[in-house]
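Structural features, examined
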Amino acid sequence: MLPPGPRLPAVAQLAWFTRDPIGFLTTCHRRYGAVFTVRFAGFPPEVYVATGDLADQVYRTDQGGGKAGQARRDFLEPLVGVHSVLTLDGDPWWQHRKLLNPPLRARQVAGYHDEITGIAAERIATWPLGRPFTLRERMQEITLDVILRLVFGIRDAERLDRLRVLLQRLMEQGSTMSVAMTPPRLRDRMARVPFTPYARFLRVRSAVDAILFDEIARRRAEPGGTDVLARLLETGMGDQEIRDELVTMLLAGHETTATGLSWAFERLLRTPDVLDRLPDDEPYLDAVVKEVLRLRPVVYEAPRLLDTPLRLGAYEVPAGWYAGPSIPLVHHDPAVFAEPEEFRPERFLDGGPHRSWMPFGGGRRFCVGAQLALLEMRVIIREVLRRLELSVTDQAPETRRLTGVTLSPAKRARVIAQARTPARTT
């Protein structure tokens, strides 16, 4: 028996999901239960699950029966390429994952603490005081600088400035629904029409690639360094493989981390009792980050494309369909997280995250950059709160808006900043 789902045309389902992703998923969950089918125009049917136990069953297909890389390929390959750990499967994926793991382990990324602190301090010093502005763009500036300096290892000021502009444009255009949701069979046709969003995206991608390939060639000629690129150059990867993994880390460590930070302040500024315990209570700060990512996960799904049928409770999902957890629904399961709508970091102070906590996905495909993202969030939250007093002009919570493949604050975390006097110290 197939899982139930809306009977609306696939085009209407996609439009509803694009306009109100959380409302769409919540309505389906309420009407059809913890396993339901959706259909989006141009793509195979997708079955979402809404509990951690069901998500584990999907993640077990990583051992055989499901392909996470192929599931993402339709959406992400134009941006990250064919050699990305996000789009590879099988032995090629495992070989890349083994090469990426060492420079991104917790012990290694901990060495970036002071540099991230310095980058954050430089950027925070430029923020306007006494007038409203949006945090999401400011956080993107910080996380982009982190990637450029610590992952790409670029120090030349002129090249940094050029790449900042181009990479920001690449992320914005590559993450739009008009690019990410363009069916693969239409992409070649769209590329030949100069003024389509997809054609514009390809032009920006070409400009970015020219700089990245030049940087890779330069670094091959002058080996050395402690950045991630220097370590990848020692692995034997080809230039295209390294380019694809650099852009993958940009996507995973820039856009998503900046959005997570925006949600952190959106929540903190509306829960003063939590804010008062920061920034110098380190275990509590870590719990805040985990609770932000539970309550407001940045990524809404972690799909697999099935190559064999999958049994989920009373239902059987056919081969050729997508299956994956709806991460917001799993994170709001009241059987696991009491009062799931409440922002309560205390739930992560004892025993660490529950297995139903999956902001970085799960199974063998758990995000390789998770430790860097968590470090960035802790360091940047701490620096902001030590230097500034932030407030909001509207106490109403910001709703979630679909921006490419991420769920971001609809008003981009709008705040007012004042200098903190006296400054907080450790």
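Quick note: structure is the one above.
Residues numbered from 1 in each chain as written. Predicted model: local features only at pLDDT ≥ 70, side-chain atom pairs only at ≥ 80, totals over all residues. Heavy atoms only, no water.

Notes on the overall build of the protein chain
Helix and strand counts for the protein chain stand at 18 helices and twelve strands. Here the C-alpha radius of gyration of the protein chain, 21 Å, is about what a compact globule of 426 residues would show, namely 22 Å. Oriented by its inertia axes, the alpha-carbon framework of the protein chain measures out at about 65 × 55 × 40 Å. Summing over all exposed atoms, the protein chain offers an accessible surface of approximately 17600 Å²; the carbon and sulfur share of this is 52%. Side chains of the protein chain carry 59 positive and 53 negative charges; the gap between the two charge centres is 4 Å. (Helix = DSSP H or I, 4+ residues; strand = E, 2+ residues; numbered from the N terminus. Rg over C-alpha atoms; globule rule 2.2 N^0.38 Å. Areas by Shrake-Rupley, 256 points an atom, 1.4 Å probe, with all protein chains shown as cover. Lys, Arg positive; Asp, Glu negative; His and termini not counted. Charge placed at Lys NZ, Arg CZ, Asp CG, Glu CD.)

Here's the deal with unusual backbone geometry
Leaving glycine out, the prevailing phi sign among residues is negative, and the prevailing peptide bond configuration is trans. In the segment running from Leu278 into Pro279, the intervening peptide bond is cis, with an omega of 10°. By the secondary structure assignment, Pro279 is in the loop between helix 15 (272-275) and helix 16 (282-295). Of note in this structure, Glu339 is not a glycine but carries a positive phi near 45°. Within the secondary structure layout, Glu339 lies in the loop between helix 17 (327-331) and helix 18 (370-387).

Digging into the sheet that holds strand 4 (residues 133-134)
Taken in spatial order, the three strands make up an open sheet running 4-12-9, and their pairing is antiparallel. Edge positions in the sheet fall to strand 4 and strand 9 (388-391), since each of these pairs with one other strand and no more. Where strand 9 and strand 12 (residues 414-419) come together, four bridges link them in antiparallel fashion. Note that in strand 12 the partner of Leu388 across the bridge is Ala419. In the packing of helix 18 onto the sheet, contacts are made with strand 9 and strand 12, and the angle to strand 9 comes to roughly 95°. (Pairing = 2+ DSSP bridges. Contact = heavy atoms within 4.5 Å. Axes fitted to C-alpha atoms, helices over the stretch in contact; angles between N-to-C directions.)

What to know about the packing of helix 14 (residues 239-268) against helix 18
Following both chains from N to C, one finds helix 14 and helix 18 inclined at 45°, their axes separated by 10 Å at the closest point. The angle between helix 14 and helix 18 places the two elements in the oblique class. The way helix 14 lies across helix 18 gives a crossing that is right-handed. In this structure, helix 14 uses Gly253, Thr257, Gly260, Leu261, Ala264, Phe265 and Leu268 to contact helix 18, whose residues at the interface are Ala373, Glu376, Met377, Ile380, Ile381, Val384 and Leu385. (Parallel < 35°, antiparallel > 145°, perpendicular 65-115°, else oblique. Left-handed = near helix turned anticlockwise from the far one by under 90°.)

A word on the pattern of salt bridges
When the charged atoms of two side chains with opposite charge come close together, those side chains can pair. For the structure shown, the criterion picks out 40 salt bridges. Linking Glu222 and Arg218 is a salt bridge whose minimum nitrogen-to-oxygen distance equals 3.5 Å. For Arg277, the salt bridge is made with Asp281, and the minimal N-O distance between the two is 3.3 Å. Given a relative accessible area of 37%, Arg277 falls into the partly exposed group. Each of Glu122, Arg123, Glu141, Asp145, Arg149, Asp161 and Arg164 takes part in a single network of salt bridges with overlapping partners. (Salt bridge = Lys/Arg side-chain N within 4 Å of Asp/Glu carboxyl O. Buried < 20%, exposed > 50% of the residue type's maximum accessible area, 1.4 Å probe, protein only.)

Topic: the nonpolar core
The biggest cluster of nonpolar side chains holds 100 residues, and the ones touching the most others in it are Met139 and Phe152. The biggest single contributor to this core is helix 14, with twelve residues. Judged by nonpolar contacts, the second largest core, of 18 residues, contains Val49, Leu54, Tyr315 and Trp321. (Core = buried A, V, L, I, M, F, W, Y, C linked by side-chain atoms within 4.5 Å.)

Description of the side chain of Arg347
Tracing the backbone through its elements, the reader meets Arg347 in the loop between helix 17 and helix 18. Reaching out from Arg347, the side chain makes a polar contact with the side chain of Glu291 at a distance of 3.1 Å. Discounting chain neighbours no more than four positions away, the residues touching Arg347 are Glu291, Arg294, Phe337, Ala338, Glu339 and Glu342. (Polar contact = N/O pair within 3.5 Å; in protein donor to acceptor, adjacent residues only side chain to side chain.)

Observations regarding the environment of Arg219
Within the fold, Arg219 resides in helix 12 (residues 197-221). Separated by eleven residues in sequence, Arg219 and Ala230 place their C-alpha atoms 7.5 Å apart. Contacts of Arg219, omitting those with residues within four sequence positions, involve Phe152, Gly153, Gly224, Asp227, Leu229, Ala230 and Leu233.

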